[in-house]
Each structure stands twice: as structure tokens, then as C-alpha cells.
Amino acid sequence: MPAVHHKLLLEDALHDSPQTRSLLSVFEEDAGMLTEYTNQLLQAMQRVFGAQSEMGLATEQLSQRLLEYEKKNFALGKGDEEVISTLQNFAKSVGELNSLHSELANQMADSMVFPLIQFREKDLTEISTLKEIFGIATDEHEAAMVKYSRLPKKKENEKLKADLVKEVAYTRRKQHQASLQYYCALNALQYRKRVAMLEPMLGYTQAQISFFKKGIELVSKKMDSFLSSVSNMMQNIQTQLDSEAEAMRVSQKELLSAEDSVYMPDKDAEPVNRTLIQKAGYLNIRNKTGLVTTAWDRLFFFTQGGNLMCQPRGAVAGGMVLDLDNSSVMAVECEDRRYCFQITSPSGKTSMILQAESQKEYEEWICTVNNISRQIYLTDNPEAVAIRLNQTAIQAVTPITSFEKRQEGSPNPDRAKPGGISATGSDSQKSGAAPEPEDLIAPGTPIQFDIMLPASEFQDQNRGGGRRTNPFGETDDDSKAENDDSLLQQVFAVRFLGSMAVRCGNNREVIYEAMRQVLAARAIHNIFRTTESHLMITSSNLRLIDPQTQVTRISFQLEEVYWSDGNGEGEPSFSAFVFESNTEGEKICYTINLAKDITEAKKDPEALAELMKNMPLTSDGKFLLLEAETGETDDGAGPEDLESEA
């Protein structure tokens, strides 16, 4: 260590010569620069210490975050067990490193920051204080010398002179003592500043070396094999990522190379699947926003079990919109939009209008809802049942030689039996044991899919106070006499499927053949729309009533209605009407038979009395209609039949 060449001589302190003052100013300038530099160096060291303390807090927080990965329960976190265990090991290692960082921060505080603070507060502050004392003593000595210099020559005052001499001597002694202390402190500062600059860096370096040594021991002994396994795992993941990225790139290229027709909403590339029992996709639903205003919303619909579900965008799960069991679906014209259809609940109180984006989606949605409405999804093999039902309708285009062959090829021959088919005319004819289809229905016979009232008949019913029929058995006063003798009045909700001319009336085979041809024609021509009406059965007639206007669309006297329990022969002047009912097919058949029994019994008062005695009656004396599940049938149909054609 080189010696200090410049120092203030204590012997020159008393004389306080200009040379001594000049040298003193150099020492004072050096002390001022040292104070400024010490403050800057202390700020840098405090920043290092603060960063190290923050490093300890940051590593502690990092360890906690690594442990929280397992608790997050990511929705796509399946297969992350290896990652979780690896992060837990890292958290443990980071926790051990955190203890080393905390120890390093404490060592920096003790061996780096504290010595420099002590040097600044003790040595540099002492120099500043002694400088002020020396300056005060110098000013007092100068003032005493000024007073002493003003003593008069002629009239000397011995007492005043003695006082001034004592004052000068006192101030000079005081200045001498202050200068000696000040000079000694300035000389010692030249040595102390070197120690003050080296000691903090020595402590910092020793603390870092200790930290690195402990860190090397931790890594080399505990983490070498662990880090090696983590590196291998990352390489495997990267390999899998590269393979998956290549596969996605190839798949993306193939998907983008498809024809533009894929992006077109209404394309006819794929055939319509009419045997679906599940369906999902976007539909537009009409919502009322006011008395006369509506809005269409595009939502995602799907079927689940027997329910129609809807899931808006961003929703976690879907909600039920409508129970499709025994519901009805039909095509509708709505606001000049294409591909609209309406789904109505069995009670008729709930309905919704939906719009598909293409003809294919439109037909598949209608077929799917219709299949679900028949509760096909509850069978053991719903897909096979749906295919058989579809094939039953398609069989209309295949020539057949006899009715028995058609019945044997039907997937469920008893399926159509619960319905009641009405054949009206003036005569009846008997058919053979195995009639040909041409003997039952003339080839090329047109089929009418809606009941249209003639203009004259509609005007007659609505001209000048015309009455409307109430489906619940309540009539106006002028029609009271007409219904007084009606011992049976029952209303059923039915949907008209079609009608056609037949060659015989009271014949079971002609009923089945008419059903087959009507259903097949609707399937071939994609006719899904049906007309819902109220079928009123009384002891005198059958009436088909419009549910909205209560106008009778068509009426048959009960004597003209033939049922499939007997046979007869006559001229081919009959018409077959095919109806569909969700759950009341068997009940309708039972009611028609009961009405015919009542009609026959009216001819014989004793027979009527016996019939009324054996049958339950309502409070107003009318026949009480038995429930369908309690009635006996002779055609093999049971309460599990969910839809019947009449």
C-alpha cells in the first residue's frame, strides 16, 4: 500500500499562513468530492441489495406459483401428471434457492452496505462538523484582532488593553485547537477512505462466492439427474409437437383444397337421410319482439333423448326448449323465408317456427323430429326401426301382387291397425281372401292431401248468422233440438294425411292399402305439412271441424261410415280418408264402434235401455268414453302405440 504523500503539518496550524490555507483548501475539496462519490456508491450498493432482496421474494413467489399448477384443474389437463410432478420438484429446488438468496441478501447488508454507511456517517460527517468549528474559531480570532488593532496610541487604557489581549489569546488558542483537530481528521481521511472503498466490495465478493459454492453443491448433488430427465422430456414433447404440427399442416392443406361447394349453404351433394333419430346444427328461430314485430336469432339446436335442446353461443351447456314426444312438425310459410317448419307440442299450447339453412337440413330436421315424436329412440335398435319405417313408406313405388305379400314385408303389420279409416259411399262389397291391389284401388288414382271446402258450401255456412260447431258439445239455442238425441259426443285432435277414391268400402284390406299409398306418396313427394282438425264423433254423425274457425269442413252420417269389422259388396263409389293421431288412434276406433252400437240400439228401445244399463254414463246422461288403455282391442294394438293413422 503506498504511503500518503500529502498531509497538513500540525506545526503550521498556529501561524495559519496563506500557504497552509492553500493546502487546506485542497484537502477540503478532496473531502467534498469524496462525500459526493460515497453517496453515489452507497446508492448503487443499496440498489444491489434491494434487487437481491426482491430476488428472494420473487423466487419464493415463483415456488408458490409452481405448486398452484396442480390446483388449477385445467379442463384439458388430462395427461399432465408428469408435468405436475416435475413442477413440484422445481418448486422444491426453487425454495432451496430462495433460502440461498435470502442468506446472500443478509450478507450484503452486513458486509457491503453497512460499512459504507458507517464511513459516511462517522468519518465524513466528522469532517463536516470540524470544518464548521474551525470556521467559527477563525472568525472569532479575526474579530478579536480587529478590536485589538483599534487601541489608541496616546491615551492607553491599561484595563481595556489587558482585556483585549486576553480575548486575542483565548480566540487564538481556540482557533489553534480547532485547526489541530481539523488537520488531524483530514490527514486520517486519506487512509480511511481507502478502507471504506475496499471493505464493502470485499464483503460483497465473499457473499457471492459463498452463495455460488452452496448453489453448486445443491445443483451438482441433487439436480443433475433431475435436470437431465427434464431435458429429455422436453425433447420428446418437442418431437410430438413437430409431428402434430406437420399432421395439422397436411390436414389443413387437404381441407382448404376442397371444392367451393363445401362453403355453399344450400348444396345438393349429399342425399337426405330420413332415418335420423339425432340431429344437431344451427337454426334460425323466430321470436316475437312486439305485438306485430318479430326477430330471428341464429342458435345451435340439438336433440337429446326426446327433447329439443338449445345452446347459445358462449354457453357452457344447452337447455331444453321443447319435449318432442308426441309432438307434431310441419312445413310452414313464414315471412317469405325458405326452409321454415313449425314444431307444436301435443297440447297445441307451445309451438315454435324454425328455419334451416338448406333443403337437406330442412328435410332432415323434419324427419328427425317426426321420428323422435314416435318415440323410436326408446326402442332397442332405434336406427333399424327408423330405417324400417322409412322403407315402409318407400314400398309404394314397388309393384306387389297381393295384399298378403305387402303385409308380410311390413316391419310392423299391426302398426296401422289402431287407426280408424272412414270409407263413405252408398253401397258396400265383399272382397276375396287375397284381393289384388288393383281390385281395391284403381291404378293412378289421385290423392288429395288437404280438405278444401267448396266455395258454395263455405258461403252457406257463413251466410246470414250461420252457426259454428263447438267441439266441446256446446251449441246455440237454434241447434239444441238437433243434438238432444245425441247420446255420445267426443272430440279428438287429428291431422289429415290424405284421401283417395277406392273400389270397395267396408273392407279391412282396402284400408291398409289406402294408408300405404297415402303415406308412401307423402314420403316420395316430401310432403311434411299436415292439416290439424277436430274430429267430433256423435251418435248420429262424424264431423271434421276447423279448430280456429269452428267451421265444419266435412260431415258424414254415421250410417254412411263403414268400419273394418265387416264385409260387403257394392259399386266402386267410395272414398277413403286417412288421419293421424298422436295417442288416440285406439280410442277413436272404440268411439266409432260405440257410436254405431248406439245408432243400432236407437231402433229398439229395449236394446238401447240395455246398452245404457251396461255402459257408464256422465252426469248429463251421455255415454262415458273409456280410456284407451282400459279398452279391449282385437287388432293387436296396445297403449305403447304412440301414433296412429285413421
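Residues numbered from 1 in each chain as written. Predicted model: local features only at pLDDT ≥ 70, side-chain atom pairs only at ≥ 80, totals over all residues. Heavy atoms only, no water.

- As annotated in an unreviewed UniProt entry, the protein is PH domain-containing protein from Oryzias javanicus.

## Details of the pattern of salt bridges
No. 1: Taken as a whole, this structure holds 16 salt bridges when the rule is applied.
No. 2: Of the charged contacts in the structure, one is a salt bridge between Glu361 and Lys279, with a shortest N-O distance of 3.1 Å. Residue Glu361 is found in helix 4 (residues 359-373), and its partner Lys279 is found in the loop between helix 3 (158-256) and strand 1 (280-288); the two are separated by 82 residues along the sequence.
No. 3: Here Arg516 ties to Glu513 by a salt bridge, and the two come within 2.8 Å at their closest N and O atoms. Of the two residues, Arg516 and Glu513 are both situated in helix 10 (residues 508-524); the distance of three residues between them amounts to about one turn of the helix.
No. 4: Exposure remark for Arg516: the relative accessible area of 9% places this residue in the buried category.
No. 5: Through salt bridges with shared partners, one network takes in Lys279, Lys360, Glu361 and Glu364. (Salt bridge = Lys/Arg side-chain N within 4 Å of Asp/Glu carboxyl O. Helix = DSSP H or I, 4+ residues; strand = E, 2+ residues; numbered from the N terminus. Buried < 20%, exposed > 50% of the residue type's maximum accessible area, 1.4 Å probe, protein only.)

## Side note on the confidence of the model for the protein
Keep in mind that low pLDDT regions are not for reading the predicted coordinates in detail.
No. 1: Residues of the protein with pLDDT of at least 70 account for 74%, and the chain-wide mean is 76.
No. 2: The model gives residues 393-432 a pLDDT under 50, and that stretch makes 113 contacts with residues more than four places away or in other chains.
No. 3: Predicted confidence for residues 453-485 stays below pLDDT 50, and this span has 40 contacts to residues more than four positions away or in other chains. (pLDDT = per-residue confidence, 0-100. Contact = heavy atoms within 4.5 Å.)

## Focus: the environment of Tyr182
No. 1: You can see Tyr182 is positioned in helix 3.
No. 2: You can call Tyr182 buried: its relative accessible area is 1%.
No. 3: If near-sequence neighbours (up to four positions away) are discounted, Tyr182 is found in contact with Leu24, Glu28, Ile127, Leu130, Lys131 and Phe134.

## So, the sheet that holds strand 1
No. 1: Spatial strand order, 4-3-2-1-7-6-5: seven strands in an open sheet with antiparallel pairing. Every interior strand has two partners, whereas the edge strands, strand 4 (319-323) and strand 5 (328-331), have only one. Here the strands of the sheet are splayed against their neighbours by 40 degrees on average, with no regard to which way each runs.
No. 2: Sheet topology places strand 1 next to strand 2 (residues 294-304); nine bridges connect them, and they run antiparallel. (Pairing = 2+ DSSP bridges. Axes fitted to C-alpha atoms, helices over the stretch in contact; angles between N-to-C directions.)

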